[in-house]
Structures are given as structure tokens and as C-alpha cells.
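Now for the letters of each chain:
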Amino acid sequence: MNIPKTKKQRIIVIGGGFAGVSFIKKLRNENLQIVLFDRHNYHTFQPLLYQVSTAGLEPDSIAYPLRKIFRKNLDFHFRLAEVEHINTEENTIYTSIGSLTYDYLIIATGTRTNYFGNDSIAENSMPMKTVPQALNIRSLMLQNIEKADITTDEKERKRLLNFVIAGAGPTGVELAGALAEFRKGILEFDYPDIDEKEMNVHLIEGQDRVLPPMSKQVSKKAQKFLEKLGVELHLETFISSYDGKTVTTKDGKTFETATFIWAAGVTGALIKGIDGKALIEKANRYKVDEFNKVEGFENIYALGDIALMETKDFPKGHPQVAQPAIQQGKNLGDNFKKMLNGKNMKPFKYNDKGTMATVGRNKAVVDIGKLHFGGAIAWFLWMFVHLWFLVGFRNRVVTFFNWTYSYINYDKAARLIIRPFKK
Ligand SMILES: Cc1cc2nc3c(=O)[nH]c(=O)nc-3n(C[C@H](O)[C@H](O)[C@H](O)COP(=O)(O)OP(=O)(O)OC[C@H]3O[C@@H](n4cnc5c(N)ncnc54)[C@H](O)[C@@H]3O)c2cc1C
């Protein structure tokens, strides 16, 4: 794979997500060779994927070339490849483009969609973990509305205009809100032959409230916001199957739909070769100590969503959201610098900056410590935080412009079927 031979220590990083990027940024000018592997040549800002799915943002605004992020790093090499296997005895990784040895290995592979072993859902639902998947949802949604516009079969028209989302965590809630706004702001004007009331957005959740990871106060607020937007909520409802036409729940309810989006769970994106004590099977995450070192290994670290660090405050590990990933990446980068200078490493301490979710225009909810609030102020805060953390100045400007334009015009400019979705 054409990586220069070196006498320096070689660090291999798998995954250019929040954790991997934060880690490498810290080691810009160090006397190390760093090789980053990712199956995409860009970093994905996953919190805004739902806006790509619902035609609110172009995909380019939420992705950023990994090579560009690190163009000023010394002795840095990016390789576009899937890492398939780790041989911990030979300190070697095996990838879709060849193998490479490491002195240190950093695993920051995040998560993948969890279908909980349900084959019918895995085969027929639409996941939303990557930019191509978000674009698939955008195309399918628009294709189905186009089909509904021309069909004379009432039953089929209803199925095409029924949108069902599984999981009322932040992703499901944000998607449902954005789809309901699409109905309100776009459908009426772009599709004069479809009555707004014909399009339905169903949000199905197994627990007894929306946004289960957040406080009860904001959960109630978010529910009110969703109901105001006309989203049909089905709480304490478990989905048992989806055959491509009908979603069936465990209590026997059925939803005819041509668009079923699965936002009900993730599981660790493990790589073959590390198991035993290092693996917490129930969570599919690598067990790490307070320095993010994987249990049982001296030169392997795991960061972000894939790492499970048991602490007093977080006995089941940190939440699988962006902040722990960013903070762990930064802390480990600083620790590598300390190590190179013969200093002691600093244990990781999570600084919880709060959680937020948006439900639609002027509607968001925020938990920050003992503060729990929702409404327009929360929405502006949500926008500011997301713009701040987007990678790249251009992306921030384009996103800000798009949001301002949409706010003024009630518009979603990216409603284009560029690459039709085919099963
Ligand atoms: C739809 C959605 C919405 C979200 N919304 C929010 C939000 O609002 N707020 C929030 O804080 N968090 C949110 N999250 C969670 C947040 O995105 C994750 O917690 C965060 O991305 C974790 O960072 P990470 O670096 O551990 O992994 P990731 O950012 O997932 O990065 C992992 C990287 O590893 C690469 N990779 C994986 N396996 C391999 C392999 N075998 N070979 C090569 N490359 C590989 C992937 O391509 C990816 O680039 C959301 C997640 C999703 C999916």
C-alpha cells in the first residue's frame, strides 16, 4: 500500500470519525508516522445526516475530505480501505488493499446499524448511518411522492405517502420533525394534486416516551412539538417485521408503507481479531481502561463509540455521542505527546456539555446539567453548536446560508433525485 518505511514509531488509526480526527489533530508535528484508514475518503458529520435525508442540506455540506484535514500534518498518510482483520501477535492489520504493521493501533471505528437479528427489517428498511444511505432515503422519499402523484390506486397512494420511522431517539425525532415540515412547507406547493392530509408520518418507539436518553421534562416538550407538527406517535410499541410493504408490530398493529426508516439502534463496528476479555459482547464495544487502552494489550487503544470505559459516573460506559469521542481523541493525543516526552499520562475525564435535539423550525430541546428547556432559544443554541462543530469553514458558511434561506422561505432546496434509489 505504498507507505514509506520508517524508523519512527508508526501509529495506525482506523476510522476518521470524531474520535480518530481529534486524536490525529493533536499529533500534527510529532516525531511519529501516522497512517489513517477509512472506508470513506471523508469525515461524516452524522448529527446532520437527517437533513440530507429530508432535502434540507446538500451532502457535501456535512462531509469533509480527510486528506484535506491533515494536509499540514508531518509524515501523515491516508489510505482509503476497509480494515478487515487485526493480528495482535504480529502487530499487523489486514485491509482490502494489503497489510501493514504498527507500533500502536488506535481503533475508532464507531458503530453500525443494529437490526437486533431481525432479517426482514435488515433487508427491507432504510438505515441512516452514512451519506450514501441518507441520499438513498432522500431519493426514495421523493420517488415515492412522485409515484403517489400519478397513481389512481387509493390503497397504493396511501402506502406511498405513509412514512414510518422506528426509534424516537434524537435521530428518529429529528427525522420525523423534518418530514412533517416537508409536508407543511413543500408538499402543498410542489404537488398541487396531493392533499397535505394524505401524507402521514408515524414515529414508533418501544419505550414510554420520546427521547429516552434525555430528561423527562424535555421529552414531554419534544412530544408536544411533534404532535403539533402532526407526527403520529406510537409509544411502547415494538416492531416485529417489515416485508417491504407492511410494518407489523408485536401487538398486531400494521402500517402499510413504502418508506420505512430504521433509526432504532446501533452496535459497535468491531474488527475481527480482538476478542476474549477485551470485548464486551453485549454492547459490542472494546473494554478500555481510563487511558483508553484496550484490556489485555499494551499497544492497542480504542476511542469513541467503540470504546467502553467503566467509570463511577458511567458504569455502562459513556454515551455513544460525539462529545465523548472528541474528548477521548484529544486526551489520547495529548497523552501520546506526554509519553514521547517521558511524562505520565492523564486519565480520561468526561466533561458532559449537555444534550440537544431539534424537532423543527423554532423547536428544539436541550438538557444542560440541571437546565432543561425547549423552544426557540434551544433551537438557536442547537444551530450554533452544530455550525461550530461542522468541519470546514466552507461547510459552515454553506450550511448557515442554507438554514437562513430555508428559515426565510420555508424551503428545502435539495429536493432532487440525482441518483434514483433502487433495491
Ligand atoms: C444519524 C445519527 C445522528 C446522530 N446525532 C447525534 C447528535 O445529534 N449529537 C451527538 O452528539 N451525536 C450524534 N450521533 C452520534 C455520533 O455521530 C457518534 O457518537 C460519533 O460519530 C462517534 O464518533 P466515532 O469517532 O467514535 O465514530 P464515527 O464518527 O462513527 O467514525 C467511525 C469511522 O470509522 C470508519 N470505519 C468503521 N469501520 C471501518 C473499517 N472496518 N475500515 C475502515 N474504516 C472504518 C467509518 O467509515 C467512520 O468514518 C448521531 C449518529 C447518527 C448515526
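Provided above is the structure to which this section pertains.
Residues numbered from 1 in each chain as written. Predicted model: local features only at pLDDT ≥ 70, side-chain atom pairs only at ≥ 80, totals over all residues. Heavy atoms only, no water.

Caption draft 1: Region of the structure containing the pairing of strand β9 (residues 104-107). Burial along β9 is two-sided: the face carrying Y104 and I106 and the face carrying L105 and I107 are both buried. As paired elements, strand β1 (residues 9-14) and β9 share 4 bridges and run parallel to each other. Paired with I11 across the two strands is Y104, which belongs to β9. Here β9 runs beside strand β21 (residues 300-302); their pairing, made up of 3 bridges, is parallel. Each bridged residue has a counterpart across the sheet, and for I107 the counterpart in β21 is A302. (Buried < 20%, exposed > 50% of the residue type's maximum accessible area, 1.4 Å probe, protein only. Helix = DSSP H or I, 4+ residues; strand = E, 2+ residues; numbered from the N terminus. Pairing = 2+ DSSP bridges.)

Caption draft 2: Examining the environment of G56 more closely. Here G56 shows up in the loop between α2 (49-53) and β4 (63-65). Given the relative accessible area of 12%, G56 is considered buried. Considering only alpha carbons, one finds G56 and A414, 358 residues apart in sequence, at a separation of 6.0 Å. Discounting chain neighbours no more than four positions away, the residues touching G56 are Q51 and K412. (Contact = heavy atoms within 4.5 Å.)

Caption draft 3: Looking closely at the packing of aromatic side chains. Applying the stated rule across the entire model yields 14 aromatic pairs. Ring centres of F70 and F76 lie 4.8 Å apart, and the angle between their planes is 45°; on these two criteria the pair is classed as tilted. The exposure class of F76 is buried, given its relative accessible area of 13%. Members of the aromatic cluster, connected to one another through ring pairs, are F23, Y104, Y301 and F336. A cation over a ring is seen here: R361 above Y407, with NZ or CZ 4.0 Å from the ring centre. Over the face of the ring belonging to Y410 we find R361, whose NZ or CZ atom lies 3.7 Å from the ring centre. (Phe/Tyr/Trp six-rings, centres within 6.5 Å; stacked < 30°, edge-to-face > 60°. Lys NZ or Arg CZ within 6 Å of the ring centre and 35° of its normal.)

Caption draft 4: Here's a closer look at the site of the ligand. The local shell around the ligand holds 26 residues, among which A19, D38, Q46, D305 and A322 are the closest. The side chain of D38 places a nitrogen or oxygen atom 2.6 Å from an oxygen atom of the ligand. For the ligand, a nitrogen atom lies 3.2 Å from a polar atom in the backbone of R39. Taking 990 Å² as the accessible area of the ligand by itself, protein coverage stands at 89%. Here the shell around the ligand is composed, by residue class, of 11 nonpolar, 10 polar and 5 charged. (Near = heavy atom within 4 Å. Polar contact = N/O pair within 3.5 Å; in protein donor to acceptor, adjacent residues only side chain to side chain. Areas by Shrake-Rupley, 256 points an atom, 1.4 Å probe, with all protein chains shown as cover. Nonpolar A, V, L, I, M, F, W, Y, C, P; charged D, E, K, R; others polar.)

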